[in-house]
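Chain by chain, the residues run as shown.
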Amino acid sequence: MQKQTGKSGGSGGPTPAKRGRPFGSATGSGAASAAAVVGDAAVPSILLGPSLQVLTALSDQNNKKIVLALQSGLKSEILWALNALTVLSFKEKDDFRRDATPLAKVPGLLDALLQVIDDWRDIAMPKDHTKPPRVRTLGAKTPLSGFGHENIDKIYSDTTIPSDDQTKTDDTTVTKKRSAGFWFDEEGLFNVDDEGRTEKQQCAVAASNIIRNFSFMPENETVMVQHRHCLETVFQCLEDQNTEDDELITNMLETLVNLAPVLDLRIFSSSKPSFIKITEKRAVHAIMGMLASSIRVWHCAAAELIGRLIINPDNESFLLPVIPQIYKRLVDLLSVPAFDAQAAAISALYNVSEVNMDCRLKLASERWAVDRLLKVVKTPHPVPEVCRKASMIVESLVSEPQNRMHLLVHENTFAEIFTSDGKYSDTFARILYELTARPSNKVTSGQAVWGNIN
């Protein structure tokens, strides 16, 4: 593994992946890495900064070794495996590496990473809830009983200790004395004290970062969304947002956002073995908890997650019962003076409003919903796509005759945007037509049919 720096330049690379690398990642450096490693002249040699080069055969030669190292429980082995996987799982959006291994498909690798997280979560609880240490009496008269730390401050000796019927040798006459603490200084094991807890926490965060990196690779999606233990661990971490490590929760949330388009919540009621007993209702409750969070990164990601989950018709039945709470929170996010929060809310509302008529009726009746959607268009939002989606949401609301009374109060605003903004004039022209002409005809025809029935 080595670093190489080159000059930046232009490139007509292929179409980017459907989801790029997250915050702050560079683009194009993976292509240069591949060109330098495999010597392919066809790959454009561009670099936008230092890039890590991974040997082509590194992952193939060490797949089994990495899994065994994660399962060993030894500190040095786990750290080596986590460092190697962090490098191997990182893939740039425009990475041309043809030897990239879908690491989530390596036998036992995903389970081994989840075990690292489970080991931390098994001890990640307040000390008040842990059981008090038992009093061990067996071997209490020997320096090392093997059952606890009662004699940790005593002295270990390589000489034979006299039996009970002999006169006890004074501590000053014992030869070859060594502190008993050296037994607990073994570098290969995790301590059971606060230092050991911190080390296990760092390993769990590193493992969650690797799982997050896996989720950015489309070839890993199928394996991960069908792995019930993986999804249960992710949702359980979201449930514990008030007590768990912030970085761990963020990694798990980003993993879920990446997998959401192909995620089916019915897996929690399937026949696959369960480790944590997460249900569909608990999963939705965990998402709602993240949506209600005051941390901007979390509630923005939760809003995007809901918008992606609702695309799958199989998930609708689990999300529809909480649609009123979702609408209320998303409309609140529209009033936040942060463009990313507004964009996430608009994206989610755009998908949810297309589910059925009832969703459109509830959104139109939500207080301040239409007013804040129009404000996004009028301000306008710096991303044109967000303004376009906001105007299309309003158009979908107007298509329902029952919403006519809620939207007529905004008729002047519609006309103002129609006359002043050329980008969305066609959309608001259709909105004004539906609002002033078509709905009344629909209502009249409906009343006529009802009168004929009577």
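Residues numbered from 1 in each chain as written. Predicted model: local features only at pLDDT ≥ 70, side-chain atom pairs only at ≥ 80, totals over all residues. Heavy atoms only, no water.

A. Highlighting the overall build of the protein. If you tally the helices and strands in the protein, you get 20 helices and four strands. Residue burial in the protein is summarised as follows: out of 454 residues, 42% are buried. Within the protein, contacts between residues separated by at least 24 positions form 70% of all contacts whose residues are at least 6 apart in sequence. For the protein, the accessible surface area stands at approximately 24,500 Å², while carbon and sulfur atoms represent 54% of it. (Helix = DSSP H or I, 4+ residues; strand = E, 2+ residues; numbered from the N terminus. Buried < 20%, exposed > 50% of the residue type's maximum accessible area, 1.4 Å probe, protein only. Contact = heavy atoms within 4.5 Å. Areas by Shrake-Rupley, 256 points an atom, 1.4 Å probe, with all protein chains shown as cover.)

B. Fine view of the side chain of E280. Its location among the elements puts E280 in helix α9 (residues 280–291). Buried and unpaired, E280 has no salt bridge, with R228 as the nearest side chain of opposite charge at 7.3 Å. Here E280 is in contact with L265, R266, F268, S269 and F318, once residues within four sequence places are set aside. (Lys, Arg positive; Asp, Glu negative; His and termini not counted. Salt bridge = Lys/Arg side-chain N within 4 Å of Asp/Glu carboxyl O.)

C. Region of interest: the environment of T413. Along the chain, T413 falls in helix α18 (residues 411–420). For the pair T413 and F428, spaced 15 residues apart in the sequence, the C-alpha separation amounts to 9.8 Å. Each residue touching T413, except ones within four places of it in the same chain, is listed here: L374 and K378.

D. Summary view of the pattern of salt bridges. One pass over the structure, following the stated rule, counts 16 salt bridges. For E199, the salt bridge goes to K75, with nearest N and O atoms at 3.2 Å. Of this pair, E199 sits in helix α5 (residues 194–215) while K75 sits in helix α3 (residues 75–88), and the two are 124 residues apart along the sequence. For E199, a relative accessible area of 17% puts it in the buried group. Linking R308 and E304 is a salt bridge whose minimum nitrogen-to-oxygen distance equals 2.7 Å. With R308 and E304 both in helix α10 (residues 296–309) and four residues apart, the pair spans about one turn of that helix. Relative accessible area serves as the criterion here: at 18%, R308 is assigned to the buried category. Here the salt bridges share partners, and the residues they tie into one network are R121, D240 and E244.

E. Focus on the packing of α18 against helix α19 (residues 425–436). Relative orientation of the contacting elements α18 and α19 amounts to 150°, with a least axis distance of 8 Å. Regarding the angle of α18 to α19, the classification is roughly antiparallel. The element α18 and its partner α19 pack so that their crossing is left-handed. Between α18 and α19, the contacting residues are E411, F414, A415, I417 and F418 on the first element and S425, F428, A429, I431, L432, L435 and T436 on the second. (Axes fitted to C-alpha atoms, helices over the stretch in contact; angles between N-to-C directions. Parallel < 35°, antiparallel > 145°, perpendicular 65-115°, else oblique. Left-handed = near helix turned anticlockwise from the far one by under 90°.)

F. Structural detail: the UniProt feature "domain: SWI/SNF-like complex subunit BAF250 C-terminal" (unreviewed entry) in the protein. Taken from the UniProt record, the annotation "domain: SWI/SNF-like complex subunit BAF250 C-terminal" (unreviewed entry) applies to residues 203–234. Taken end to end, residues 203–234 is 88% helix and 0% strand, and its two terminal C-alpha atoms sit 16 Å from one another. (UniProt positions renumbered as here; feature names shortened; annotations may be inferred.)

G. Structural detail: the confidence of the model for the protein. Here the protein averages 75 in pLDDT, while 65% of its residues score no lower than 70. With pLDDT under 50 throughout, residues 1–56 is counted as low confidence; its partners more than four residues away or in other chains account for 93 contacts. Under a pLDDT of 50 for its full length, residues 439–454 has, in the predicted model, eight contacts with residues more than four places off or in other chains. (pLDDT = per-residue confidence, 0-100.)

H. Region of interest: the side chain of E199. Here the side chain of E199 touches K75 through a polar contact of 3.2 Å, side chain to side chain. The residues contacting E199, other than those within four sequence positions of it, are K75 and F190. (Polar contact = N/O pair within 3.5 Å; in protein donor to acceptor, adjacent residues only side chain to side chain.)

I. Inspection of the environment of N312 at higher detail. Tracing the sequence through the fold places N312 in the loop between α10 and α11 (313–319). Separated by 48 residues in the primary sequence, N312 and D264 place their C-alpha atoms 7.4 Å from one another. Setting aside its immediate chain neighbours within four residues, N312 contacts L263 and D264.

J. How the structure looks around unusual backbone geometry. Here T379 and P380 are connected by a cis peptide whose omega angle stands at -15°. Mapped onto the elements, P380 comes out in the loop between α15 (369–378) and α16 (384–398). Positive phi, normally seen in glycine, also occurs at K277, with a value near 65°. When you line up the elements, K277 lands in the loop between α8 (246–259) and α9. At W368, a residue that is not glycine, the phi angle is positive and equals roughly 70°.

K. Looking closely at the packing of aromatic side chains. Taken as a whole and assessed by the stated rule, the structure comprises two aromatic pairs. Judged by centre distance (5.5 Å) and plane angle (80°), the rings of F235 and F268 are edge-to-face. Of this pair, F235 sits in helix α7 (residues 228–239) while F268 sits in the loop between α8 and α9, and the two are 33 residues apart along the sequence. Judged on exposure class, the residue F235 and its partner F268 are both buried. Above the face of the W80 ring, K65 is positioned so that its terminal group lies 4.9 Å from the ring centre. (Phe/Tyr/Trp six-rings, centres within 6.5 Å; stacked < 30°, edge-to-face > 60°. Lys NZ or Arg CZ within 6 Å of the ring centre and 35° of its normal.)

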